[in-house]
Amino acid sequence: TATLGEVSLVNPSPSLAAWLAGVFGQGEATDIPAPEDVQFDSFSLSNWLIEGADGEDMMRLSIDSIAAEDAGESNLGQFGLSGLDLSFADGDDAGTFTLGSIEITGANTEILEGLAKVEEDGPGEDLIGMMYGNPLDPGFDSFELEGLNLDFAGLSVNLPSLVYDVTRNSDDIPTRYDMPE
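Enquirer: Got a minute to help me understand the pairing of strand β2 (residues 40-54) in this structure?
Expert: Pairing of strand β1 (residues 2-10) with β2 involves eight bridges; the strand directions are antiparallel. When the sheet's bridge partners are listed, T3 is paired in β2 with L49. Alignment of β2 against strand β3 (residues 57-71), held across 13 bridges, turns out to be antiparallel. Across the sheet, the residue bridging to L45 is I66, located in β3.

Enquirer: Which parts of the structure should I look at to understand the layout of surface pockets?
Expert: Empty space among the atoms becomes visible once a probe the size of a water molecule is rolled across them. Counted as a void, the largest pocket has a volume near 720 Å³. For the largest pocket, the lining is made up of 23 residues, of which L16, V38, F40, F43 and A71 are closest to its centre. When contributions to the lining of the largest pocket are tallied by element, the ones reaching two or more residues are β1, α1 (14-23), β2, β3, β4 (75-90) and α2 (109-116).

Enquirer: So what exactly am I meant to see when it comes to unusual backbone geometry here?
Expert: A negative phi holds for most residues other than glycine; trans holds for most peptide bonds. Residues other than glycine seldom take positive phi values, yet N11 does so here, at roughly 55°. Within the secondary structure layout, N11 lies in the loop between β1 and α1. Phi is positive for N47, which is not a glycine, with a value near 55°.

Enquirer: Honestly, the sheet that holds strand β5 (residues 93-108) in this entry has me stumped. Any pointers?
Expert: Note on sheets: strands pair through backbone hydrogen bonds, and any given pair is parallel or antiparallel. The strand order β1-β2-β3-β4-β5-β6-β7-β8 describes an open sheet built from eight strands, whose pairing is antiparallel. Strands with a single pairing partner mark the edges of an open sheet, and in this sheet they are β1 and β8 (174-178). Between one strand axis and the next, the sheet turns by 10° as a mean value, whatever way the strands run. Sheet topology places β5 next to strand β6 (residues 142-152); ten bridges connect them, and they run antiparallel. Bridging from a neighbouring strand, S101 pairs with E146 of β6.

Enquirer: I would appreciate a short explanation of the side chain of S13 in the present structure.
Expert: Here S13 lies in the loop between β1 and α1. At 2.4 Å, the side chain of S13 forms a polar contact with the backbone oxygen of D37. Filtering out sequence-adjacent residues up to four positions away, S13 remains in contact with D37, V38 and Q39.

Enquirer: Before we go on, may I ask you to explain the nonpolar core in this structure?
Expert: Soluble globular proteins tend to bury their nonpolar side chains together. Among the nonpolar cores identified, the biggest contains 21 residues, and L81, L99, I102 and F143 are the most heavily contacted of them. Every element with two or more residues in this core is listed here: β2, β3, β4, β5, β6 and β7 (155-168). Counting residues per element, this core draws most heavily on β3, which supplies five residues. Residue contacts for I102: discarding those within four places in its chain leaves F79, G80, L81, F143, E144 and L145.

Enquirer: Quick question: what am I supposed to make of the pattern of salt bridges here?
Expert: Pairing between side chains becomes possible if they bear opposite charge and their charged atoms approach one another. Within this structure, the stated rule accounts for four salt bridges. Between R168 and D141 there is a salt bridge, with the nearest N and O atoms lying 2.5 Å from each other. With R168 in strand β7 and D141 in the loop between α3 (125-133) and β6, this pair connects stretches of sequence that are 27 residues apart. For the salt bridge of D172 with R168, the shortest nitrogen-to-oxygen distance reads 3.8 Å. Counted as one network, the salt bridges with shared partners bring together D141, R168 and D172.

The rules we used
- Residues numbered from 1 in each chain as written.
- Predicted model: local features only at pLDDT ≥ 70, side-chain atom pairs only at ≥ 80, totals over all residues.
- Heavy atoms only, no water.
- Pairing = 2+ DSSP bridges.
- Helix = DSSP H or I, 4+ residues; strand = E, 2+ residues; numbered from the N terminus.
- 1 Å grid on protein atoms, 1.4 Å probe; cavity = no way out; pocket = protein on both sides within 12 Å on 5 of 7 lines; lining within 4 Å.
- Points joined across faces, edges and corners; volume = space filled by probe spheres on them.
- Axes fitted to C-alpha atoms, helices over the stretch in contact; angles between N-to-C directions.
- Polar contact = N/O pair within 3.5 Å; in protein donor to acceptor, adjacent residues only side chain to side chain.
- Contact = heavy atoms within 4.5 Å.
- Core = buried A, V, L, I, M, F, W, Y, C linked by side-chain atoms within 4.5 Å.
- Buried < 20%, exposed > 50% of the residue type's maximum accessible area, 1.4 Å probe, protein only.
- Salt bridge = Lys/Arg side-chain N within 4 Å of Asp/Glu carboxyl O.

See the structure below:
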């Protein structure tokens with residue numbers, strides 16, 4: 001079972017708009033746009049719930065909200081997710097993962113594209129090239145995480161918060177990092 005409260009997408013790129021029109025039966029089916037063609041002014045989603053069960057196996061995922069703004073060819077102005085709650089049981093394995101919120105500003109989407117191309121054997125050449133191009137650049141301007149909890153297979157992790165900020169000069173080069181000690 002899947003439910004969704006509300007979805008909003010403002011000013012999508014032509015290839016993204018055409019693909020979505022095909023997905024929702026309002027246009028001709030097209031291929032998923034290349035990552036650099038997924039551009040928009042803003043996107044938001046709220047009250048997303050996916051759950052299911054099969055005998056003793058079950059899975060439940062809920063997300064209160066996801067929002068993104070200013071998605072360009074190689075950057076994402078802002079991304080936020082709040083109220084993620086995942087629980088599952090699969091035979092003898094069961095676990096939970098919760099995340100109060102995560103906020104990222106100034107993300108370099110080329111790094112995300114490189115991560116998406118990671119192969120089973122390890123990182124691909126694209127990702128390694130980006131990381132070695134400027135190993136001091138984390139690929140974002142700020143990162144804030146609140147309320148991460150994981151409990152699975154005897155491992156319990158609790159991270160109340162994490163804040164990481166990057167200051168850049170006029171050439172967009174990182175010059176200062178504020179992060180946890």
